[in-house]
Amino acid sequence: MTVLRVAPRTAVVLALASAAALATFTWPFFVPAQPESTARTGEAPLVFFLMLPVLVALVLAELTSGGMDSKALAMLGVLAAVNAALRPLGAGTAGIETVFFLLVLAGRVFGPGFGFLLGSTSLFASALLTAGVGPWLPFQMLCASWIGLGAGLLPARLRGRAETAVLAGYGALAAYGYGLLMNLWFWPFSTGADTQLSYVAGAPVLENLHRLALFTAVTSTFGWDTGRAITTAVAIVLAGPAVLAALRRAARRAAFHAPVTFAAADPQPPNSAADSAEVPGPTAVTGTGPGAAPSGSPGAGDVPGAVRRPQPG
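Here is a short report on the structure shown in this document. (Residues numbered from 1 in each chain as written. Predicted model: local features only at pLDDT ≥ 70, side-chain atom pairs only at ≥ 80, totals over all residues. Heavy atoms only, no water.)

1. As for the nonpolar core
The condition is simple: Side-chain atoms within 4.5 Å link the members of a nonpolar core, which is a set of buried Ala, Val, Leu, Ile, Met, Phe, Trp, Tyr and Cys residues. Relative accessibility thresholds used throughout: buried, under 20% of the residue-type maximum; exposed, over 50%; partly exposed, between the two (1.4 Å probe, protein chains only). Helical segments are the DSSP runs of H or I of at least four residues, strand segments are the runs of E of at least two, and each set is numbered from the N terminus. Residue contacts are counted whenever heavy atoms from the two residues lie within 4.5 Å of one another.
Core analysis: the biggest nonpolar cluster contains 57 residues, and Phe25, Leu79, Phe110, Phe114, Leu118 and Ile147 have the highest contact counts within it. Breaking this core down by element, the ones donating at least two residues are helix H1 (8–30), helix H3 (70–90), helix H4 (100–110), helix H5 (112–130), helix H6 (137–152), helix H7 (160–184), helix H8 (187–190) and helix H9 (205–254). Element by element, the count of residues in this core is highest for H6, at 10 residues. Not counting chain neighbours up to four residues away, the residues in contact with isoleucine 147 comprise Phe100, Leu103, Val104, Tyr170, Ala174 and Tyr178.

2. Remarks on H1
Our working definition: Here, expected helix span is obtained from the residue count minus one, scaled by 1.5 Å. Two axes define the bend at a residue: one fitted to the seven residues ending there, one fitted to the seven starting there, and the bend is the angle between them.
With 23 residues, H1 ought to run about 33 Å at 1.5 Å a step, and its terminal C-alpha atoms sit 31 Å apart, in line with that. Along H1, the largest kink reaches about 50° and is centred on threonine 24; proline proline 28 follows within four residues of it. Looking only at H1, the buried set comprises Thr10, Val13, Leu14, Ala17, Ser18, Ala21, Thr24, Phe25, Thr26, Pro28 and Phe29.

3. As for the packing of aromatic side chains
The following threshold applies: Only rings of Phe, Tyr and Trp enter the pairing, Trp through its six-membered ring, and a pair is recorded when the two centres are within 6.5 Å. The plane angle decides the type: under 30 degrees is stacked, over 60 is edge-to-face, the rest tilted.
Taken as a whole and assessed by the stated rule, the structure comprises nine aromatic pairs. Three or more aromatic residues link up through ring pairs in this structure, and these residues are Phe25, Phe139, Trp146, Trp185, Phe186 and Phe215.

4. Focus on a nonpolar patch on the surface
To keep it simple, the criterion reads: Patch membership needs two things, relative accessible area over 30% and no salt bridge, and members are linked within 9 Å if like-charged or within 5 Å if nonpolar (Val, Leu, Ile, Met, Phe, Trp, Tyr). Residue burial considers only the protein chains on display, and all accessible areas are found by Shrake-Rupley using a 1.4 Å probe. A carboxyl oxygen of Asp or Glu within 4 Å of a side-chain nitrogen of Lys or Arg is what we treat as a salt bridge.
Taken together, the side chains of Ile230, Val234, Val237 and Leu238 present a nonpolar region at the surface, about 400 Å² in accessible area. Mapped onto the elements of the fold, valine 234 is located in helix H9. With relative accessibility at 43%, the residue valine 234 sits in the partly exposed group.

5. Quick look at the environment of alanine 201
When you line up the elements, alanine 201 lands in the loop between H8 and H9. Along the primary structure alanine 201 and proline 28 are separated by 173 residues, whereas in three dimensions their C-alpha atoms are 7.6 Å apart.

6. What about H6?
The end-to-end C-alpha distance of H6 is 23 Å, a good match for the 22 Å that 16 residues give at a rise of 1.5 Å each. Most of H6 is tucked away: 16 of the 16 residues are buried.

7. Notes on the packing of H5 against H6
As a reminder of what qualifies: Axis definition: a line fitted to C-alpha atoms, limited for helices to the stretch in contact. Angles are taken between N-to-C directions and run from 0 to 180 degrees. Any angle that is under 35 degrees is reported as roughly parallel, and any over 145 degrees as roughly antiparallel; angles of 65 to 115 degrees are reported as roughly perpendicular and all others as oblique. Handedness of a crossing follows from how the near helix is turned relative to the far one, being left-handed for an anticlockwise turn of less than a right angle and right-handed for a clockwise one.
The geometry of H5 relative to H6 is characterised by a closest axis approach of 7 Å and an angle of 150° between their N-to-C directions. On the basis of their axis angle, the class for H5 and H6 is roughly antiparallel. Here H5 runs over H6; the crossing is right-handed. For the pair H5 and H6, the contacting residues are Pro112, Gly115, Phe116, Gly119, Ser120, Leu123, Phe124 and Ala127 in the first and Leu137, Gln140, Met141, Ala144, Ser145, Trp146, Gly148, Leu149 and Gly152 in the second.

See the structure below:
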């Protein structure tokens, strides 16, 4: 069971955002593109500025639907900062990526909307930290957002070793999918022409997909993508159970779904004449037996400090 559920409004925003993001990757299959190496350089700022309103709309949809509050936003910031700090440990050397395993686990615990936001913010923060800002950054943010989104959509009832195995398998597949999409963002514009791996403008979709698959297999599948898949799967197997337990414990303590209620104060009784009435003071006690003090004189039964009043008769 995910901690932060997706409301219908948020689901619509996620669907529209994913469709628009997919179009930024696949449009060369449907619209002939000029194979120029600088073609994506001018497109990247447009993609980035299109993403910002989508992310803002997603946050607003989550907030207004009650799926996310200030505590969830604080958790998002903390996990994005942790992911940004983890990424330089691998820096992509030989495909070693340490940023995706936490993204998968957090998306699993907190849900698809949270995972989508965490993917974008994590890659953006890590790019600022590692000086990795470039025309590729908006596309990296989109791919990471899909990884977090997919993790939140996995079957919710899995627990224990089955859950760890499914998450590790998903992490490995997501690593290969990430490599394929990141190849797609530049492949139509940088491989030149007249080769078996080149993009052919105006060619049928299946032909260009076949060329993209060959390009990916030759350039990244057996190197970078496999290293990323192994790193992510191994990290989930080794650290996944402990991290999942810690995230779920933090979610329980934060009580994201606890309803906020305000109890009415107990009404005070109105002032009455009895409140200001004088409380009668103690009176002298006299006895009648042998050795008793006579009335009118201080005795053992008198209360100290009591004032005697004259007795009638």
